[in-house]
Amino acid sequence: MSGSFPDSRHVLEPGCDRCPELVACRECISWGTGDRDAAVMVVGEAPGAGDPEAATWRGGNWTGKAYTTRHSGRRVRELLAAVGRPDAYVTNAVKCFPCDGEGSNREPTATERANCRTHLRRELATVDPAALLTTGKHATASVLALDGRTLDGFLDRVLEPIDLDCADATVVPLLHPSYQDVWRSRLDYTPAEYRAAVREAIDAAVG
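Positions within a chain are numbered from 1, following the residues in the order the chain's sequence is written. Totals for whole chains, interfaces and linings use every residue, but because this is a predicted model, local features are given only for residues with pLDDT of at least 70 and side-chain atom pairs only at 80 or more, for both listing and counting. Only hydrogens and water are set aside; all other atoms, that is, all heavy atoms of the structure, feed into the side-chain values.

### A closer look at the pattern of salt bridges
For step 1, the next point in the chain: What makes a salt bridge here is a side-chain nitrogen of Lys or Arg within 4 Å of a carboxyl oxygen of Asp or Glu, nothing more. Across all of its chains, the model carries 8 salt bridges by this definition.
For step 2, the next point in the chain: The partner of arginine 18 in a salt bridge is glutamate 13, and the shortest N-O contact between them spans 2.7 Å.
For step 3, the next point in the chain: Buried means the residue's accessible area, taken with a 1.4 Å probe over protein chains only, is under 20% of the maximum for its type, while exposed means over 50%, and partly exposed covers the values in between. Glutamate 13 gets classed as partly exposed once you look at its relative accessible area, which sits at 24%.
For step 4, the next point in the chain: For arginine 106, the salt bridge is made with glutamate 112, and the minimal N-O distance between the two is 2.9 Å.
For step 5, the next point in the chain: Residues joined by salt bridges that share partners form a network here, namely Glu21, Arg106 and Glu112.

Below, the structure is given as structure tokens:
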């Protein structure tokens with residue numbers, strides 16, 4: 001797959017400064033990209049540090065586009081292509097890179113997740129997806145919080161559909177791309193079986 005991405009970002013609040021620590025960390029706000037009429041929407045946790053020197057796949061903190069890193073971004077977009085959903089709308093629950101002070105990323109705080117939740121609600125209202133793919137535990141918890149719900153045990157919920165009442169959509173939790181090789185085998189999926197299961201879950205949600 002090439003390093004090309006949708007050109008248009010869904011900018012919801014230019015220069016958003018709700019979270020001072022994130023403003024100090026970020027280079028770009030990583031807004032969602034993709035077809036705003038897509039039946040499938042992908043939600044990650046937050047952009048990673050990225051690599052400003054990379055020719056492609058620099059990362060959302062540098063491109064301003066969700067899931068455009070060499071590792072996680074490439075894996076997510078390759079999975080979408082493999083299951084026939086390359087035009088899915090792709091975003092993050094938190095739009096800015098949460099730095100740890102040492103050049104890497106930390107988990108967004110509860111306040112940061114809450115501050116960004118209105119952006120996610122607006123994206124859901126705009127795109128109105130049938131299937132909402134959440135990549136990893138924290139992204140899944142952030143999306144369920146839109147319904148005022150908590151997540152008890154992530155691995156048991158992978159690929160198990162969850163109705164999201166506030167958006168009339170089906171949440172399909174996916175393994176985080178950074179750890180999918182480890183956890184996929186522990187869930188007794190081969191790579192081909194996992195892709196097939198993802199496709200089946202999406203198709204069921206989209207109808």
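Once the structure has been displayed, the description carries forward.
### Description of the sheet that holds strand β5 (residues 169–174)
Paired through their backbone hydrogen bonds, the strands of a sheet run either parallel or antiparallel.
For step 1, the next point in the chain: Strand order in the open sheet formed by 5 strands is β2-β1-β3-β5-β4, with mixed pairing between adjacent strands. Single-partner strands in this sheet number two, and they are β2 (89–92) and β4 (162–164). Strand-to-strand twist across the sheet, computed as the mean angle between neighbouring axes with direction ignored, equals 30°.
For step 2, the next point in the chain: Whether two residues touch is decided by their heavy atoms; if any such pair falls within 4.5 Å, the residues are in contact. Throughout, an axis means a line fitted to C-alpha atoms (over the contacting stretch in the case of helices), and angles, computed between N-to-C directions, take values from 0 to 180 degrees. Put simply, DSSP H or I for four residues or longer makes a helix, DSSP E for two residues or longer makes a strand, and each gets a number counted from the N terminus. Sheet contacts for helix α5 (residues 137–144): β1 (40–44), β3 (131–135), β4 and β5; angle to β3, the most-contacted strand, approximately 135°. DSSP-based pairing: two strands are paired if at least 2 bridges between them are found.

### As for the state of the cysteines
For step 1, the next point in the chain: By disulfide we mean two sulfur atoms from cysteines, separated by a distance within 2.5 Å. Evaluated as defined, the whole model comprises 1 disulfide.
For step 2, the next point in the chain: Across the disulfide from cysteine 25 sits cysteine 99; the S-S distance is 1.9 Å. Measuring handedness by torsion sign, the sulfur bridge of cysteine 25 and cysteine 99 sits at about -60° and is left-handed. One end of the pair, cysteine 25, is in helix α1 (residues 20–25); the other, cysteine 99, is in the loop between β2 and α4 (110–127), and 74 residues separate them in sequence.
For step 3, the next point in the chain: For cysteine 99, a relative accessible area of 23% corresponds to the partly exposed category.
For step 4, the next point in the chain: For the unlinked cysteine cysteine 166, the closest cysteine sulfur is that of cysteine 116, found at 15 Å.

### Some details on the environment of leucine 155
For step 1, the next point in the chain: Mapped onto the elements, leucine 155 comes out in the loop between α5 and β4.
For step 2, the next point in the chain: Exposure remark for leucine 155: the relative accessible area of 29% places this residue in the partly exposed category.
For step 3, the next point in the chain: The sequence separation of leucine 155 and leucine 175 amounts to 20 residues, and the corresponding C-alpha distance is 8.1 Å.
For step 4, the next point in the chain: Non-local contacts of leucine 155, meaning those with residues more than four positions away in its chain, are made with Leu175, Trp183 and Leu187.

### Considering helix α3 (residues 72–82)
For step 1, the next point in the chain: All of the buried residues in α3 are Ser72, Gly73, Val76, Arg77, Leu79 and Leu80. Buried residues of α3, viewed axially, fall in a sector of 155°; they line one side.
For step 2, the next point in the chain: Residues of α3 that are buried in the fold lie against β1, β2, β3, β5 and α7 (191–206).
For step 3, the next point in the chain: Looking at the residues trailing α3, positive phi occurs at glycine 84, about 80°. As used here, the arc is the angular range of directions from the helix axis to the C-beta atoms.

### A few points about the packing of aromatic side chains
For step 1, the next point in the chain: Under the pairing criterion, centres of Phe, Tyr and Trp rings, with the six-membered ring standing for Trp, must be within 6.5 Å; the plane angle then separates stacked pairs below 30 degrees from edge-to-face pairs above 60, leaving the rest tilted. This structure, assessed with the given rule, holds 1 aromatic pair.
For step 2, the next point in the chain: A centroid spacing of 5.8 Å and a plane angle of 70° characterise the contact between tyrosine 189 and tyrosine 194, whose relative ring orientation is edge-to-face.
For step 3, the next point in the chain: Take tyrosine 189: its relative accessible area is 26%, and that puts it in the partly exposed class.
For step 4, the next point in the chain: Given a relative accessible area of 2%, tyrosine 194 falls into the buried group.
For step 5, the next point in the chain: Comment: the charge-over-ring label is applied if NZ (Lys) or CZ (Arg) is within 6 Å of the ring centre and within 35 degrees of the ring normal. For arginine 186, the ring lying beneath its charged end belongs to tryptophan 183, and the centroid distance is 4.7 Å.

### Notes on the pairing of β5
For step 1, the next point in the chain: β5 sits mainly inside the fold: 6 of its 6 residues count as buried.
For step 2, the next point in the chain: The alternating pattern of β5 places Ala169, Val171 and Pro173 on one face and Thr170, Val172 and Leu174 on the opposite face, and all of these are buried.
For step 3, the next point in the chain: The pairing of β3 with β5 spans 5 bridges and is classified as parallel. Within β5, the residue paired with leucine 132 across the bridge is valine 171.

Treat this as a map of the structure, not an account of what it does.
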